[in-house]
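If you want the building blocks of each chain, they are given just below.
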Amino acid sequence: MIYELETTLKYTETPVTRTLEVDSGMTFGELHRVLQKAYEWENAHLHQFIVTRSKGTEEREQIGPIGFMDESASLLFDEDVEPLGDWLTEKGDELIYLYDFGAGWEHRVTLTDILEAHPESKAPRCTAASGEPAEEDTFPGAYSDSGARQPGTLVRDINQALKSSKKGPKTPETENREENRTEKELNRLVFLPEVEEEAIKGMVEAAKLVSKEKPWEHLHSNQIVMFDFPEEEEPHFVSVMGSLGEQFGVMVYRGWDGYRSLKSVFADASGSDYLSELDALSVSFEDRQDLTKEEYSFLKDLGYSFRGKKRWPAFRSYDPGFLPSLPDEWEAQFLTDLLDGVLAVAEIAKKGNHIPEFGMEEKILAFSGDPDGKMTPFYVPVPEAPPIPDVGLQLRELDIKRLLKLPAGNLSLEFDLFSAPTAVHDEETEVTYFPLVALGVDREVGVSVFYEMIPNPLPEDVAQAALANCMIRTGTIPGELHVKDRTAAFLKPLLDKLGIVPVIHPRLPMIEELRVQLESRMIN
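Residues numbered from 1 in each chain as written. Predicted model: local features only at pLDDT ≥ 70, side-chain atom pairs only at ≥ 80, totals over all residues. Heavy atoms only, no water.

Student: Please clarify how the overall build of the chain should be interpreted in this entry.
Tutor: Each helix and strand counted, the chain has 11 helices and 22 strands in total. Look at the contacts in the chain between residues 6 or more apart in sequence, and 63% of them connect residues 24 or more apart. Counting every atom, the chain has about 26500 Å² of accessible surface; 50% of that belongs to carbon and sulfur. (Helix = DSSP H or I, 4+ residues; strand = E, 2+ residues; numbered from the N terminus. Contact = heavy atoms within 4.5 Å. Areas by Shrake-Rupley, 256 points an atom, 1.4 Å probe, with all protein chains shown as cover.)

Student: Please clarify how the pattern of salt bridges should be interpreted in this entry.
Tutor: Any two side chains of opposite charge can pair, given that their charged atoms come close. For the structure shown, the criterion picks out 25 salt bridges. Put simply, K201 and E197 hold a salt bridge, and the shortest N to O gap is 3.4 Å. Residue K201 and its partner E197 are located together in helix 4 (residues 194-213), separated by four residues, close to a single helical turn. Residue K201 is classed as partly exposed on the basis of its relative accessible area, which comes to 30%. Residue class for E197 comes out partly exposed when judged on its relative accessible area of 26%. Across the pair K497 and E397 runs a salt bridge whose closest N-O atoms are separated by 3.7 Å. Residue K497 is found in helix 10 (residues 485-498), and its partner E397 is found in helix 8 (residues 397-404); the two are separated by 100 residues along the sequence. In this structure E397 comes out as partly exposed when scored by relative accessible area, which is 44%. Residues joined by salt bridges that share partners form a network here, namely E40, E132, R149, R156 and D157. (Salt bridge = Lys/Arg side-chain N within 4 Å of Asp/Glu carboxyl O. Buried < 20%, exposed > 50% of the residue type's maximum accessible area, 1.4 Å probe, protein only.)

Student: Teacher, can you tell me more about the environment of S264 here?
Tutor: Here S264 is to be found in helix 5 (residues 255-266). With relative accessibility at 23%, the residue S264 sits in the partly exposed group. Taking the C-alpha atoms as reference, S264 lies 8.9 Å from P506; in sequence the two are 242 residues apart.

Student: Would you mind showing me how to read the packing of aromatic side chains here?
Tutor: Both the distance between ring centres and the angle between the ring planes are used here to describe each pair of aromatic rings. Counted according to the given criterion, the structure contains 20 aromatic pairs. Relative to F285, the ring of W216 has its centre 5.8 Å away and its plane inclined at 55°; by these criteria the two rings are tilted. Of the two residues, W216 sits in the loop between helix 4 and strand 9 (225-228) while F285 sits in strand 12 (residues 280-286), which places them 69 residues apart along the sequence. Overall, F285 belongs to the buried group, its relative accessible area being 1%. For R288, the ring lying beneath its charged end belongs to Y296, and the centroid distance is 3.5 Å. (Phe/Tyr/Trp six-rings, centres within 6.5 Å; stacked < 30°, edge-to-face > 60°. Lys NZ or Arg CZ within 6 Å of the ring centre and 35° of its normal.)

Student: Whenever I open this one, the side chain of S284 confuses me. Can you help?
Tutor: Within the element layout of this structure, S284 appears in strand 12. Assessed through its relative accessible area of 4%, S284 is described here as buried. There is a polar contact of 2.6 Å between the side chain of S284 and the side chain of E286. Not counting chain neighbours up to four residues away, the residues in contact with S284 comprise Q247, F248, G249, W312, P313, A314 and R316. (Polar contact = N/O pair within 3.5 Å; in protein donor to acceptor, adjacent residues only side chain to side chain.)

Student: Looking at this model, I keep getting lost on the nonpolar core. Mind explaining?
Tutor: Among soluble globular proteins, nonpolar side chains are generally buried collectively. Judged by nonpolar contacts, the single largest core of 43 residues is most densely connected at L299 and F315. Looking at which element gives the most residues to this core, the answer is helix 7 (residues 329-350), with 11 residues. Beyond its immediate sequence surroundings of up to four residues, F315 is in contact with M203, V204, A207, S282, V283, E295, F298, L299, S325, L326, P327 and L335. Listed in part, the 36 residues of the second largest apolar core include M26, V34, W87 and I158. (Core = buried A, V, L, I, M, F, W, Y, C linked by side-chain atoms within 4.5 Å.)

Student: What exactly am I supposed to notice about the sheet that holds strand 21 (residues 480-484) here?
Tutor: With mixed pairing, five strands are arranged side by side in an open sheet as 20-19-16-21-22. The two strands at the open ends of the sheet, each matched to only one other strand, are strand 20 (447-454) and strand 22 (503-505). Taking the axes of each pair of neighbouring strands and ignoring which way they run, one obtains an average angle of 20° across the sheet. Of the pairings in the sheet, the one linking strand 19 (residues 436-442) to strand 20 comprises seven bridges and is antiparallel in character. The residue of strand 20 that forms the bridge with L439 is Y451. Helix 9 (residues 459-474) rests against strand 16 (412-419), strand 19, strand 20 and strand 21 of the sheet, and its axis sits at about 140° to strand 20. (Pairing = 2+ DSSP bridges. Axes fitted to C-alpha atoms, helices over the stretch in contact; angles between N-to-C directions.)

Student: Is there a simple way to explain the sheet that holds strand 13 (residues 312-318) in this structure?
Tutor: Sheet strands pair by backbone hydrogen bonding; their relative direction is either parallel or antiparallel. Read from one edge to the other, the open sheet built from seven strands follows the order 13-12-11-10-9-14-15, with strand pairing classed as mixed. At either margin of the open sheet sits one strand with a lone partner, and together these are strand 13 and strand 15 (375-381). Within this sheet the neighbouring strands show an average axis-to-axis angle of 20°, counted without direction. Where strand 9 and strand 14 (residues 363-369) come together, four bridges link them in parallel fashion. Looking across to strand 14, one finds that D228 is bridged to S368.

Student: Which parts of the structure should I look at to understand helix 9?
Tutor: For helix 9, with 16 residues, the first-to-last C-alpha span of 21 Å sits near the 22 Å given by 1.5 Å per residue. Here helix 9 has its buried residues at P459, V462, A463, Q464, A466, L467, A468, N469, C470 and M471. G475 occupies a position one or two residues after helix 9 and carries a positive phi of about 75°. (Expected span 1.5 Å × (residues − 1).)

Student: For this particular structure, what's the right way to read the packing of helix 8 against helix 10?
Tutor: When two helices pack together, their arrangement is captured by the angle between the axes and the distance separating the axes. Running from N to C, helix 8 and helix 10 cross one another at 55°; their axes reach a closest spacing of 10 Å. Classified by the angle their axes make, helix 8 and helix 10 are oblique. The chirality of how helix 8 crosses helix 10 is right-handed. In this structure, helix 8 uses E397, I400, L403 and L404 to contact helix 10, whose residues at the interface are L494, K497 and L498. (Parallel < 35°, antiparallel > 145°, perpendicular 65-115°, else oblique. Left-handed = near helix turned anticlockwise from the far one by under 90°.)

What follows is the structure, given as structure tokens:
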């Protein structure tokens, strides 16, 4: 069957409507993609469908992408499984499509007709349209219809977008291409090319030597050592784990970003953001049953097997905002060099030389290389990380003018961005990342005044837009803005434009309290 759907963008003075024909067997995930094309959204924010149906009492059911929550989450039906025809069954049935949780763009979708399917059907297609679409990253109150396109032009443009997004039928050739692509991705992770395999095996051999020499018998995890290679722009910082006899391994904090996360750990200011903000490489020595399937296959396909407790090396690369992965060829060579350096530090410690404790002393042990590759140890003052690089102003001048029209209020606002507790897998890019949560709290009453889930793992890319959304949502420029130093750095270009001087804290207690509650609901 073919469903005729009348869709309306809510909260706009000028009607913005699209009449669509879709197959009743279409999933809600497919309908999401059709609506994105029909309203010219950029799929840059989270979304969900809300359907009200009667089971003796009115119940609001949520249908959406299960991936951004735990797969066992009970409050969502999976949009890639649920067909439209199971939920809209009679003329007049309605649902709400919510896009961009922060802005709150709602689309009312009404089933207006049920048509017989026929071989010439061109669904999905648009048959009528009025009103220019809203701009991405704006709020309903800021909508203005330019009237640039007539209805016929809108219909033509929407159908062209729908046509270009359709996937052709599977053929033996396309199936083979997909199979080859999948096999290629697998080879990249496990069955390594010859040159890359040499670097990876060098890393495994270096780890075996570390396991044999047990540098944790001579070094503590708080004895941080700096390595400054001449070919590298930034120094790196190494910690050896295992002196307490529980977890054995080596952690390499990469560059100044890694150093900032290291300092947060020692200042007890990182909280649950530690892993999501970490820029590091590591090797830990595990029991066989504690390896992931990927880690075990990685070693077995290289021809390695290990016997005994805490002997299997698990290698991980941490990029801020992304799920840990296996090291690539460059990272493998880099980690190999630093594991060699760890053994050199252990020899220095075994000879009775002093290795300063980070956070307890004003100096640390550093290795500096010369152009010939010779590394020389010496003591240096505990370094100060340079300022976080300026990210520049990321909003348009029009957006700044709209914000400046807001009244200056007395709101004392805590504002922060942090990673959601569960990761999302992006099918297009094959990348698994942690979405960001933007949260604003009124410090006077301890109540949340702003919440947005953002499908982007990098706060430097979205912090300014998120704060702008927060101010528009609250209808005021805050009298006080309380943030952490990292967030302040990303917001600085916008704050300078608005004349806001932030109050910087190592921790934000009200945000942390509400975050615990929020994460509990997300996971459970």
